[in-house]
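# Secondary and tertiary structure notes
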Amino acid sequence: MAKKFSTTSDIPIHDYYSYSRDLSQQRAGEFPFTRGIYNQMYRERLWTMRQYAGFSTAEASNERYHYLLQQGTTGLSVAFDLPTQIGYDSDHFLAEGEVGKVGVSINSIEDIQTLFKGIRLENVSTSMTINATAYILLAFYIALAKQQGADLRKITGTVQNDILKEYTARGTYIYPPRPSMKIITDIFEYCSANLPKWNTISISGYHIREAGSTAAQELAFTLANGKAYVEAALSKGLDINVFGKRLSFFFNAHNNFFEEIAKFRVARRMWAKMMQNLGATDERAMMLRFHTQTGGSTLTAQQAENNIARVSLQALSAVLGGTQSLHTNGFDEALSLPTEHAARIALRTQQIIGEESGVTQTVDPLAGSYFIENICDSLEEKSWAYIHKIDALGGSVAAIEQGYMQEEIAKSAYEYQQSIEDNSQIIVGVNEYVSEEETPVSAFKIDDSIRKIQTEKLQQVRQSRNAQQVTATLQKLQEVAQNNQNIMPTVIEAVESKATLGEIADVLRKVYGEYVGV
């Protein structure tokens, strides 16, 4: 039986390719932006080099941020622990065993003050990977910027704020989909008026891919979710040519090198067409700007140093695909949070690509490749087919409520795992080229005493604040939410009064309820 060659999206790969379409007139910076959103791309400026970091306490994370900035990182990217992500203070019984483990623990404005100590928010672009409680973390950030005397109109960064992918891929949701969509459009509305340079959402395919999707599914489900957010904003009367410029995306750079490059290129032209069809007339509102992170699920605990090669190839695919921002994973992340040593190698990987490889000296260097352009067309065709199916189900929210995307991802994840187990997909060091002797890797450990430290801080906050003022602002927040008004100004008032993250999240639990899944 002849060996089958195909991409992760089951697009057949032929031995030779020819291509008839003349691409010579297409340039970067022009609709539909297949070749890039800026005319000169990296010839003018390299992508933002972010290193995702956050662990333990705000003090420990602040130390890592200063270290990364000294090493040449050009933007901060904050990871939060699970209690912070799902709206529980560190002393909540459901937070036990998780405080500070997969990100930094944030309970109050005082934690945010410590997290960014010595860092002027006007001078740094900050990306925060937070979704269900994005409105609270953004309020903390705004409150700190105001304390620093910053001009809010100059503050730059991104809040992930993509709740739809939580229902399909990650699970760190709190409220049901429809009230969650309302919170997201509140953020759009508030930032349009007050933080015009802030990216109000990072529509994420990353976690969809981490959950086991194919490249086509990652592309389709992400853009379908993006469409749902745009439609929700339009229904609220917002101007697509204004809020459309502040939408950003977050994609996974996975192992299939050429398919990943094609995915990034075709994402731009699909989104441009989608936004045009939704009514955008300003081309800047049709541009798909995206951050990329190398594939966490591709990292192996076995022969962990092999991950340096994996990350390098994945990062190169993101650059050749035209990313605006990039995080490279540490080689030890299949074992623990990255050590400083691993984080430095990951950052140096980006710097070597940017400064030594020469791939940034021309725009979209693989454009016109018969193979790349064919894969782009096939990937686009498959992705539109998924989107049309989602539209037929009533859009992303309805498709999620019916379990469609969840089932499709689960099916792909199962098939991929089967391919590893039957050795049709080789994973070096796992099911082939296995070594009897492993090189030991020093893992980064988080002390379980972090919860005690955070609980003591919480007690101090609650004792030092004006309890009546906190109660009044939380009551006001409940009334604002019940009356379907924009919650953001009141949430900012609440964090400034030293209300905690858990207290604010609980107010909206009372109003909206909690989602229990399909």
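As a reminder, the structure under discussion sits directly above these lines.
Below: a short report on this structure. (Residues numbered from 1 in each chain as written. Predicted model: local features only at pLDDT ≥ 70, side-chain atom pairs only at ≥ 80, totals over all residues. Heavy atoms only, no water.)

When helices and strands are tallied, the protein chain shows 19 helices and nine strands. For the protein chain, whose C-alpha radius of gyration is 23 Å, the value lies close to the compact-globule estimate of 24 Å for 518 residues. Viewed in the frame of its principal axes, the protein chain has a C-alpha envelope of about 75 × 60 × 45 Å. For the protein chain, the residues scored as buried account for 58% of the 518 residues in total. For the protein chain, the proportion of contacts with a sequence separation of at least 24, taken over those separated by at least 6, is 78%. Accessible surface computed for the protein chain: about 21,200 Å², of which carbon and sulfur atoms make up 48%. Considering the protein chain, the positive charge centre built from 48 side chains and the negative charge centre built from 59 side chains are found 6 Å apart. (Helix = DSSP H or I, 4+ residues; strand = E, 2+ residues; numbered from the N terminus. Rg over C-alpha atoms; globule rule 2.2 N^0.38 Å. Buried < 20%, exposed > 50% of the residue type's maximum accessible area, 1.4 Å probe, protein only. Contact = heavy atoms within 4.5 Å. Areas by Shrake-Rupley, 256 points an atom, 1.4 Å probe, with all protein chains shown as cover. Lys, Arg positive; Asp, Glu negative; His and termini not counted. Charge placed at Lys NZ, Arg CZ, Asp CG, Glu CD.)

Each neighbour pair has its own omega, and for Phe31 with Pro32 the value is 5°, a cis peptide bond. Along the chain, Pro32 falls in the segment before β1 (48-53). The phi dihedral of Phe33 falls on the positive side, at around 70°, and the residue is not glycine. For Phe33, a relative accessible area of 0% gives the class buried. The phi dihedral of Asn423 is positive, around 65°, even though this residue is not glycine. Along the chain, Asn423 falls in the loop between α15 (404-421) and α16 (450-464). Classification of Asn423 as partly exposed rests on a relative accessible area of 35%.

Turning next to the packing of helix α4 (residues 134-147) against helix α18 (residues 488-496). It is the contact of α4 with α18, at a shortest axis distance of 9 Å, that shows an interaxial angle of 65°. In terms of their interaxial angle, α4 and α18 are classed as roughly perpendicular. Handedness of the α4/α18 crossing: right-handed. The segment α4 lies against α18, with Tyr135, Ile136, Leu138, Ala139, Phe140, Ile142, Ala143 and Lys146 engaging Met488, Val491, Ile492, Val495 and Glu496. Among the residues making up the contact of α4 with α18, the classes are represented as 11 nonpolar, no polar and two charged. (Axes fitted to C-alpha atoms, helices over the stretch in contact; angles between N-to-C directions. Parallel < 35°, antiparallel > 145°, perpendicular 65-115°, else oblique. Left-handed = near helix turned anticlockwise from the far one by under 90°. Nonpolar A, V, L, I, M, F, W, Y, C, P; charged D, E, K, R; others polar.)

The next thing to look at is helix α17 (residues 467-482). The end-to-end C-alpha distance of α17, which contains 16 residues, comes to 23 Å, matching closely the 22 Å that a straight helix rising 1.5 Å per residue would cover. When α17 is considered as a whole, its buried residues turn out to be Val470, Thr473, Leu474, Leu477, Gln478, Val480 and Ala481. Seen from one end, α17 has its buried residues packed into an arc of 165°, which puts them on one side. Facing away from the buried surface of α17 by more than 90 degrees, the exposed residues are Gln468, Thr471 and Gln482. The inward-facing, buried residues of α17 contact α18 and α19 (501-512). (Expected span 1.5 Å × (residues − 1). Arc of directions from axis to C-beta.)

The tally for this structure, following the rule as stated, stands at 32 salt bridges. The shortest N-O distance in the salt bridge between Asp111 and Lys457 comes to 4.0 Å. Here Asp111, found in helix α3 (residues 109-115), pairs with Lys457, found in helix α16; they are 346 residues apart in sequence, far enough to count as distant. Members of the salt-bridge network, linked through shared partners, are Arg35, Arg265, Asp364 and Glu373. (Salt bridge = Lys/Arg side-chain N within 4 Å of Asp/Glu carboxyl O.)

Turning next to the packing of aromatic side chains. Summed over the entire model, instances satisfying the criterion amount to 21 aromatic pairs. A ring pair is formed by Phe31 and Phe33, whose centres lie 6.2 Å apart and whose planes are at 80°; its orientation type is edge-to-face. Residue class for Phe31 comes out partly exposed when judged on its relative accessible area of 29%. Seen in terms of ring centroids, Tyr175 and Tyr512 are 5.8 Å apart; in terms of plane orientation they differ by 75°. Their pairing is edge-to-face. (Phe/Tyr/Trp six-rings, centres within 6.5 Å; stacked < 30°, edge-to-face > 60°.)

Time to look at the pairing of strand β8 (residues 290-294). The buried count for β8 comes to five of five residues, which makes it a mostly enclosed element. With helix α10 (residues 257-277) bridging strand β7 (residues 247-253) and its parallel neighbour β8, the resulting β-α-β unit is right-handed. As defined by bridge partners, β8 adjoins strand β9 (residues 325-327) across three bridges and the pair is classed as parallel. Each bridged residue has a counterpart across the sheet, and for Thr292 the counterpart in β9 is Leu326. For the crossover from β8 across helix α11 (residues 306-320) to β9, the handedness is right-handed. (Right-handed = clockwise from strand over helix to strand, strands pointing away. Pairing = 2+ DSSP bridges.)

A few words on the environment of Cys191. As for its placement among the helices and strands, Cys191 is situated in helix α6 (residues 177-194). For the pair Cys191 and Arg153, spaced 38 residues apart in sequence, the C-alpha to C-alpha distance is 9.3 Å. For Cys191, the contacting residues outside a window of four places in its chain are Leu138, Pro196, Trp198 and Thr200.

Attention shifts here to the pairing of strand β2 (residues 75-79). Most of β2 is tucked away, with five of its five residues classed as buried. With burial as the criterion, each face of β2 is covered, one bearing Gly75, Ser77 and Ala79 and the other bearing Leu76 and Val78.

This next bit is on the nonpolar core. Counting residues in each nonpolar core, the largest one holds 135 residues, and the members touching the most others are Phe116, Tyr135, Ile487, Ile504 and Leu508. Dropping the residues within four chain positions of it, Leu508 is found in contact with Tyr135, Tyr175, Ile183, Leu477, Ala481, Ile487 and Gly513. (Core = buried A, V, L, I, M, F, W, Y, C linked by side-chain atoms within 4.5 Å.)

Taken together, the side chains of Ile426, Val428 and Tyr433 define a hydrophobic patch exposed on the protein surface, amounting to about 280 Å² of accessible area. Mapping Val428 onto the fold places it in the loop between α15 and α16. Judged by its relative accessible area of 36%, Val428 falls in the partly exposed class. (Patch = residues over 30% accessible without salt bridge, like charges linked within 9 Å, V, L, I, M, F, W, Y side chains within 5 Å.)

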